[in-house]
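Fold and contact review
Here is what each chain is made of, one letter per residue.
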Amino acid sequence: MPTFDPTIEPSWKEALRDEFTKPYCASLKEFIVKEIQSGQTIYPAGKNIFAAFNATPFRDVRVVILGQDPYHGPAQAHGLSFSVPEGIKVPPSLLNIYKEINDDLGVPISQSGNLEKWAAQGVLLLNATLTVRAEQAGSHQKKGWEEFTDAAIHTLSEQREGVIFLLWGRYAQAKEALIDASKHHILKAPHPSPLSAYAGFFGCKHFSKTNEILRAQNKKEIDWRIE
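Structure report, in brief. (Residues numbered from 1 in each chain as written. Predicted model: local features only at pLDDT ≥ 70, side-chain atom pairs only at ≥ 80, totals over all residues. Heavy atoms only, no water.)

What about the sheet that holds strand S3 (residues 123-127)?
In spatial order, the strands read S3-S2-S5-S6; together these four strands make up an open sheet with parallel pairing. Looking along the sheet, the strands with just one partner apiece sit at the ends: S3 and strand S6 (185-189). Each strand of the sheet is rotated relative to its neighbour by a mean of 20°, with strand direction disregarded. Pairing of strand S5 (residues 164-168) with S6 involves five bridges; the strand directions are parallel. In the strand pairing of S6, Trp168 is matched with Ala189. Sheet contacts for helix H6 (residues 145-159): strand S2 (63-67), S3 and S5; angle to S3, the most-contacted strand, approximately 150°. (Pairing = 2+ DSSP bridges. Helix = DSSP H or I, 4+ residues; strand = E, 2+ residues; numbered from the N terminus. Axes fitted to C-alpha atoms, helices over the stretch in contact; angles between N-to-C directions. Contact = heavy atoms within 4.5 Å.)

As structure tokens, this is what we get:
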């Protein structure tokens, strides 16, 4: 069985070191290798599987935005939840996020869906599952990724203080059990999907609320502008 030894940002590798030796991690790597060997197209590209961790080191995390799966369409996924690379059309859920930011803070709605600027400011854009088969949503769920990303959330909760968790939709809100609410801040709303955004995501004002919490901690606010 292959050893699980990913190329991942050093502070995260140290924080999650115990996970890499667990049987589920070896099984997960074996599953991914078999998928590739069988000719399946996997998103995102291998170099971007751990992009969320590499873009936002453990000690720099100030905000966490949880997603579920990577995008499963061509050229969309690049390892950050809700984000797409430059030149790719902004997906519907992200467009609704932009609309809420515009309503909340007056920030112009961007034509770019690349959220690397947020990640560089300490916003961990973490999907629960880090890979997916092309055109098959949910195809890599329950293979081990959720254990790994749950460990990341729990480790942040245990070792850090004052992190703001934005939990959108029932799937993300189920992760609340991993977070010590006495040490951290949890903001909940419906998912920004077109199916649910009008049920309370619009008007949640999570972006101004996040910056209010950061100001109260004497921390720099997030600049939510993309361009």
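A look at the packing of aromatic side chains
Across all of its chains, the model carries 15 aromatic pairs by this definition. A centroid spacing of 4.9 Å and a plane angle of 80° characterise the contact between Phe207 and Trp224, whose relative ring orientation is edge-to-face. With Phe207 in helix H8 (residues 206-216) and Trp224 in the segment after H8, this residue pair connects regions lying 17 residues apart in the sequence. Here Phe207 falls in the buried class, since its relative accessible area comes to 0%. Ring pairs connect the aromatic residues Phe82, Trp118, Trp168, Tyr198, Phe201, Phe202, Phe207 and Trp224, which therefore count as one cluster. (Phe/Tyr/Trp six-rings, centres within 6.5 Å; stacked < 30°, edge-to-face > 60°. Buried < 20%, exposed > 50% of the residue type's maximum accessible area, 1.4 Å probe, protein only.)

Focus: the nonpolar core
The tendency in soluble globular proteins is for nonpolar side chains to be buried side by side. Ranked by internal contacts, the top residues of the largest apolar core, which has 67 residues, are Trp12, Phe53, Ile65, Ile97, Trp118, Phe148 and Trp168. For this core, the element with the most residues is H6, which contributes six residues. Those residues in contact with Ile65 that sit more than four places away from it in its chain are Ser81, Phe82, Trp118, Val123, Leu124, Leu125, Leu126, Leu166, Trp168 and Trp224. (Core = buried A, V, L, I, M, F, W, Y, C linked by side-chain atoms within 4.5 Å.)

Observations regarding the environment of Gly73
Looking at where Gly73 falls in the secondary structure, it is placed in the loop between S2 and helix H4 (92-105). In this structure Gly73 comes out as buried when scored by relative accessible area, which is 9%. Here Gly73 is in contact with Tyr43 and Glu135, once residues within four sequence places are set aside.

Side note on helix H2 (residues 23-37)
Here H2 contains 15 residues, and its C-alpha end-to-end distance of 21 Å stays within 8% of the 21 Å for a straight helix at 1.5 Å per residue. Taken as a whole, H2 has its buried residues at Tyr24, Cys25, Ala26, Leu28, Phe31, Ile32 and Glu35. Structurally, H2 contributes buried residues whose contacts are with strand S1 (42-43), strand S4 (132-133) and H6. (Expected span 1.5 Å × (residues − 1).)

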